[in-house]
Amino acid sequence: MNKLSTFVLGLVVTFGLPWLFLIVIPTLRSASLGAVAYEDADGNTKYFPESNVFANGQLVYKAEGCANCHTQMIRAPFAGLDGWRAGWGADQEDRPTEITRASRQRDYLGEPYAFLGSQRNGPDLSNVGYRITDDNWHHSHLFDPRSIHPWSTMPSFRHLYEKQEIQGGGSSNAVATDGDFEYVPGPKAKALVQYLRSLKKDSAAPALSSGDVVEPEADEASAEAGPDA
Amino acid sequence: MNAESTAETNEVPLELQALRAGVDKSARVPVLYFLTTAVAWLFVSAVLGFIASMKSHTPEFLGLDCLYFLHYGRVQPAFINAFVYGWGIQAGIGVMIWIMARLTRAQVPSSKILLFAGVLWNIGVTLGVFAILWGGSTSVEWLEFPKWVWPLLLLAYVMMSVWVVLLFKARTADTVYISVWYFLGACFWFPWIYGTANLLIHHFSGGAVISAGVDGWFISTLILLFFVPVGLGTVYYLLPKVLGRPVHSYQLALIGFWMLAALSGWTGMQKYMGGPIPAWMTAVGSAAAIFMLIPVGVVALNHHKTIKGFHHLVGASPTIRFAVFGAMAYTLMSVVFACMSLFSFSQLTQFTYAQGGFNTLALYAFFSMCMFAAIYFILPRISGCEWPSGRMISTHFWFSTYGLSALVVCLFMAGFSQGFSVQNPENWANSFWGPVVKSGAWLKGTTVAWGFLLISNLVFFVHVILMALRLGRKTTDGPTLFPAGESH
């Protein structure tokens, strides 16, 4: 193997194949992914996904590195028992009737990057918007996680909270008091909580056939659900 | 045993010695710069790694309000980026340039420009690490530096890798050595991978999920197409060099190289198996990882046959000992990679500390130990003196070994305890205390391991600085070996 040009050609071919077929082409195809319109059982037009996440709060999630401990991905049954965990889907009943479905590409539509996560040092957050509906719970938890779960190893995000003097009866959204002072959520804390409340990735979804890349349909007539997956 | 000096000086003609001296002199300034700053970054990242590991079980460690930026979500990415870019890639460049210069017998041209590239690289990494701690992290694994950092690093890297190619083009040696293919490969692959990942995640994203897939691909190909080639190329150089005998089989090496080249680009997306990434992409990654056991086995066989009969040198020669450790860790890391790519095994290891265990095996147990082997070989040749203390080398080796073994075992055990808890059907209605509480003890073990690694890295850093300042032993009685009496 003495010629540089032959060697480089070999590298280009061997690496170029996966680069093209695994990375570039899927990226290009995925760029045209849009919301899918479908008809539900009553004949109403619904869209999948139903809602988007709160973008400003996601910036705080990104800056604080929450994805280092929390995932946002429900695994399919062959990969894990995520679907069976109580409260990890839209169904918040004590005994849900169906397992939570696996996450799909369109669940993350509109986000600049899917923070699927790398570790679960804390629960999955894809559907925490269904699980926790009280802003104050989130604020108390972010301010001092161990006041809610003594075993928790989550860091305290009190740097997102502002200390101010208690005036009158005190602020209604104060998370803690410290003598004459109280802690209230700062703008980043509020944005983060709004984002967490918007995490509802278990919207009803039509059964799609293999290949999630479907042209966004403009009119209802052609927006048929594909064969059952 | 004077194996190293025997291979180098006693039977070598005078012209070759002069040629080598010329090459070493031309490489001195840039290689010394890369290696010393890399080792400094290694120490810095060990400090960050220690803090991250403390924070993983005791979040209120250093819990002052003014130190809020040291929480796990910021300090963990700061640690891994400092390790990968500050230490890993820079050490790889320094070692590649010197070995390439020696193998091609070409002098390093215009070393000032190379130095400038190195300074640019360090500026980028420094700004990036500070930016992560100050809240500018992108939360894209191993690409957490803010968007404006990567063009700087890519430019610096291209400048540095152009030098490696220039050395190749200026070669006067007849044969092209195995290490040369691996190094040329690393120089070629890294810009392609780094540029693609950054462009397609930060700038021309095809969508949220596919970007996450590209990130998974980036992490895997960075390991397999930069760290592995640099590490293997280093071992393929050092073993024959110190032992004074050639690599066992050129043919096996050829197979090992091209299979690595062909398979690695397909891997990476399996870290998100079961998720929103199209299933064929994760499956292809798993399949490639399992096929890769073939080239790994081939390389292991080749190394084993090369060193057969000389195992006693592991006792005396620092270079051989670190290189053999690294080469064995490569085999282990690849087996673990294949296992973690199996859907069944991955149920326990996905989204757990086991991933950290694998990263440690790949980046530290394999790559960094190979780099240490190379640094112990290279520095005497560019600073004109021998390592001052065999005892310090021994401390470095043993504390690294204890620390790494403990770290890898504790991370995998923590990972399994998390995995078993999450996968236990009886925990379906429990809050998440299971994985947290059950991994706690193992995480404390990782902190003890980091303590050992901090000590080993401090000792190494001091030792390297002494050599860089040319304060080593000025002697002609051969290289510094492990203290007499150290067994195996």
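Just so it is clear, the structure is predicted and the values come from calculations on it, not from any experiment.

## Here's the deal with the overall build of chain B
In terms of regular secondary structure, chain B is built from 16 helices and zero strands. Relative to a compact globule of 488 residues, whose C-alpha radius of gyration would be 23 Å, chain B shows 22 Å and is just as compact. Each of the 488 residues in chain B was classed as buried or not, and the buried ones make up 59%. Across chain B, every contact between residues at least 6 apart in sequence was considered, and the portion connecting residues at least 24 apart equals 83%.

## Concerning helix 5 (residues 187-198) of chain A
Residues and elements named next belong to chain A. Along its twelve residues, helix 5 runs 17 Å from first to last C-alpha, staying within 8% of the 16 Å computed at 1.5 Å per residue. Among the residues of helix 5, Ala189, Ala191, Leu192, Val193, Tyr195 and Leu196 are the ones counted as buried. Tucked inside the fold, the buried residues of helix 5 contact helix 2 (55-63), helix 3 (128-131), helix 4 (135-143), strand 3 (161-165) and strand 5 (181-185).

## Some thoughts on the interface of chain A and chain B
Contacts between the two partners involve 65 residues from chain A and, on the opposite side, 72 residues from chain B. Looking at the side of chain A that touches chain B, the elements with two or more residues in it are helix 1 (4-30) and helix 2 of chain A. Residue contributions to the side of chain A that touches chain B peak at 14 residues, all from helix 1 of chain A. Of the residues in the side of chain A that touches chain B, the class split is 36 nonpolar, 20 polar and nine charged.

## Some words on the nonpolar core
Residue and element names in this part refer to chain B. Ranked by size, the top nonpolar core spans 211 residues in total, and within it Met96, Ile97, Met100, Phe183, Ala323, Phe366 and Ala373 carry the most contacts. Ranked by the residues each element gives to this core, the list is headed by helix 7 (residues 208-243), at 24 residues. Excluding anything up to four places from it in sequence, methionine 96 contacts Val164, Phe183, Ala186 and Val230.

## A word on the packing of helix 3 (residues 72-104) of chain B against helix 4 (residues 111-136) of chain B
Residue and element names in this part refer to chain B. It is at 8 Å that the axes of helix 3 and helix 4 come closest, and there the two elements cross at 170°. Overall, the two elements helix 3 and helix 4 adopt an arrangement that is roughly antiparallel. Two secondary-structure elements touch here, helix 3 through Arg74, Pro77, Ala78, Asn81, Ala82, Tyr85, Gly86 and Gln90 and helix 4 through Trp121, Val125, Gly128, Val129, Ile132 and Leu133.

## Some words on the pairing of strand 2 (residues 45-48) of chain A
Residue and element names in this part refer to chain A. Sheet topology places strand 1 (residues 36-39) next to strand 2; four bridges connect them, and they run antiparallel. Residue pairing across strands places valine 36 opposite phenylalanine 48, the latter belonging to strand 2. Hairpin connection of strand 1 to strand 2: five residues between the antiparallel strands, including glycine 43 at a positive phi of 85°.

Quick notes on the rules
- Residues numbered from 1 in each chain as written.
- Chains lettered and ligands numbered in written order.
- Predicted model: local features only at pLDDT ≥ 70, side-chain atom pairs only at ≥ 80, totals over all residues.
- Helix = DSSP H or I, 4+ residues; strand = E, 2+ residues; numbered from the N terminus.
- Rg over C-alpha atoms; globule rule 2.2 N^0.38 Å.
- Buried ≥ 20, exposed ≤ 12 C-beta atoms within 10 Å, placed from the backbone.
- Contact = placed C-beta atoms within 7 Å.
- Expected span 1.5 Å × (residues − 1).
- Nonpolar A, V, L, I, M, F, W, Y, C, P; charged D, E, K, R; others polar.
- Core = buried A, V, L, I, M, F, W, Y, C linked by C-beta atoms within 7 Å.
- Axes fitted to C-alpha atoms, helices over the stretch in contact; angles between N-to-C directions.
- Parallel < 35°, antiparallel > 145°, perpendicular 65-115°, else oblique.
- Pairing = 2+ DSSP bridges.

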